[in-house]
Amino acid sequence: MNYKNYKKNPSETLETLFRWLAAQLRFSSCPFVEARLLLQLALGLDENSFFKNLGQPVRRGVWKKVLALLKKRKESWPMAYLAGKKEFWSLEFKVNRQVLIPRPETEILVEKALSLKLPERPQVLDVGTGCGNIAVALGREWPEARITACDLSLRALKIARENAARNKVKNIYFVKSNLLNYFIRRRKKFDLIVSNPPYISEEEWPMLDRSVRDFEPRKALVAGPTGLEIIKKLIMQAPRCLKRSAYLLIEVGSSQAEVVLELAGENWQEAEVLKDYAGFFRAVCLRRK
Ligand SMILES: C[S@@+](CC[C@H](N)C(=O)[O-])C[C@H]1O[C@@H](n2cnc3c(N)ncnc32)[C@H](O)[C@@H]1O
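Residues numbered from 1 in each chain as written. Predicted model: local features only at pLDDT ≥ 70, side-chain atom pairs only at ≥ 80, totals over all residues.

## Let's talk about the overall build of the chain
A count of helical and extended segments in the chain gives 14 helices and 11 strands. Principal-axis analysis of the C-alpha atoms gives the chain an extent of 75 × 40 × 30 Å. Within the chain, the fraction of its 289 residues that count as buried is 35%. Restricting the contact set of the chain to residue pairs at least 6 apart, pairs at least 24 apart contribute 66%. (Helix = DSSP H or I, 4+ residues; strand = E, 2+ residues; numbered from the N terminus. Buried ≥ 20, exposed ≤ 12 C-beta atoms within 10 Å, placed from the backbone. Contact = placed C-beta atoms within 7 Å.)

Structure (structure tokens):
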């Protein structure tokens, strides 16, 4: 079936369209899931209603919406930007092209943060909050914590604020700051600084998948010529914003953990490297002396 055939036989059902769309999406790793999500989007249906309506005829307007979405998907638009949302830590986050799409491997930062021995009402800072995924996940888990989320991008901060409201998290303060500059000026100290900073090198950028390179914000991913520039600055600034025995938890590239430990030097009493669920080195946790 295609749109021309549909015009001749407009009583085609949602199921026929679903099968046709999945066949068009065979380049994807999960064509049926994507087909369903695109159809849910075009029809404004949740998953349950989608399956209940499979036998219903589809209006011509829906076909047109589906074709427009399919065109974008074939141009490598990430599903999350088409849907305008992404799940992280079982919470839903609004995303658009101003913010990085949260990655599942970043959940390891939330998991580790929650396992740390911190005061009952910890003061936590999320640096480079993007859509607010880490801060909001921690805010949900720790309603008694005082969380600050900062980013260089005002557009990202606006979305992060919306995501806190969407997830009914009230204990986050949003601040524009270039890394820790704002907090150093005000002599602010935290029990935990957590960050998923940009850590891609300029050389790696052109080799990334088109869906990342052409759609996600370069400034959220690329740190500079080596990829370590922002992590290095963060590690150098952090001791001034951490209380004694407080933690710095940073996501790193899978080949960067060893260099990051070397960069950390002598200011720390403990240093741990964490693997993600796929077994790649993904984060470094440092504890201030
Ligand atoms: C890799 S994204 C992480 C976004 C989100 N925390 C996540 O885990 O998906 C890095 C974020 O850091 C922000 N950023 C980049 N340089 C920064 C800087 N110098 N100071 C503060 N934030 C910065 C970017 O705007 C972006 O939102």
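The structure having been displayed, the exposition proceeds.
## Quick look at the sheet that holds strand S3 (residues 123-127)
What the 7 strands build is an open sheet, ordered S5-S4-S3-S6-S9-S11-S10; its pairing is mixed. In this open sheet, the two edge strands, each paired with only one partner strand, are strand S5 (172-176) and strand S10 (268-275). Going from strand to strand, the sheet's axes swing by 15° on average, the running direction of each strand aside. Pairing of S3 with strand S4 (residues 146-151), which is carried by 5 bridges, proceeds in the parallel orientation. Across the sheet, the residue bridging to Gln123 is Arg146, located in S4. (Pairing = 2+ DSSP bridges. Axes fitted to C-alpha atoms, helices over the stretch in contact; angles between N-to-C directions.)

## What about the pairing of strand S11 (residues 281-288)?
Pairing of strand S9 (residues 242-251) with S11 involves 5 bridges; the strand directions are antiparallel. Looking at S11, one finds that Leu249 is bridged to Cys285. In the sheet, S10 pairs with S11 via 7 bridges, with the strands oriented antiparallel. Across the sheet, Lys275 pairs through a bridge with Phe281, a residue of S11. Connecting S10 to the next strand, S11, in antiparallel fashion are 5 residues, including Gly279 with a positive phi near 90°.

## Considerations on the domain arrangement of the chain
The domain boundaries assigned to the chain delineate domain 1 (3-75) and domain 2 (86-288). When each unit is reduced to the centre of its C-alpha atoms, the spacing between domain 1 and domain 2 is 37 Å. (Domains from an automatic or database assignment.)

## Quick notes on the site of the ligand
Neighbouring the ligand are 22 residues; Gly128, Gly130, Leu152, Asn196 and Ala220 lie closest to it. Of all the secondary structure elements, the ones that give two or more residues to the shell around the ligand are helix H8 (133-141) and helix H12 (218-221). In terms of residue count, the dominant contributor to the shell around the ligand is H12 (3 residues). (Near = placed C-beta within 6 Å.)

## Some words on the environment of Pro104
Along the chain, the position of Pro104 falls in the loop between strand S2 (91-94) and helix H7 (107-115). For the pair Pro104 and Ala35, spaced 69 residues apart in sequence, the C-alpha to C-alpha distance is 22 Å.

## Quick look at the nonpolar core
Formed by 62 residues in total, the largest nonpolar core has its most connected members in Leu138, Ala160, Leu192, Ile193 and Leu249. Per-element tally for this core: the top contributor is S9, with 6 residues. Those residues in contact with Leu249, other than ones at most four positions away along the chain, are Leu109, Lys112, Ala113, Leu192, Val194, Ala283 and Cys285. Phe18, Leu21, Leu38 and Val66 belong to the second largest nonpolar core, which has 11 residues in total. (Core = buried A, V, L, I, M, F, W, Y, C linked by C-beta atoms within 7 Å.)

## Overview of the environment of Ala246
Position of Ala246 relative to the elements: it lies in strand S9. Residue classification places Ala246 among the buried positions, given that 23 C-beta atoms sit within 10 Å. The spatial distance from the C-alpha of Ala246 to the C-alpha of Arg140 is 21 Å, given a sequence separation of 106 residues.

## Observations regarding helix H13 (residues 229-237)
Along H13, the residues that are buried comprise Ile231, Leu234 and Ile235. Taken down its axis, H13 places every buried residue within 95° of arc, on the same side. Where H13 is buried, its residues touch S3, strand S6 (190-195), S9 and helix H14 (257-264). (Arc of directions from axis to C-beta.)

## Quick look at the environment of Asn181
Inspection of the secondary structure puts Asn181 in helix H10 (residues 181-185). With 13 C-beta atoms counted inside 10 Å, the residue Asn181 sits in the partly exposed group. In the structure, Asn181 is positioned 20 residues away from Arg161 in sequence and 21 Å away in space, judged by C-alpha atoms.

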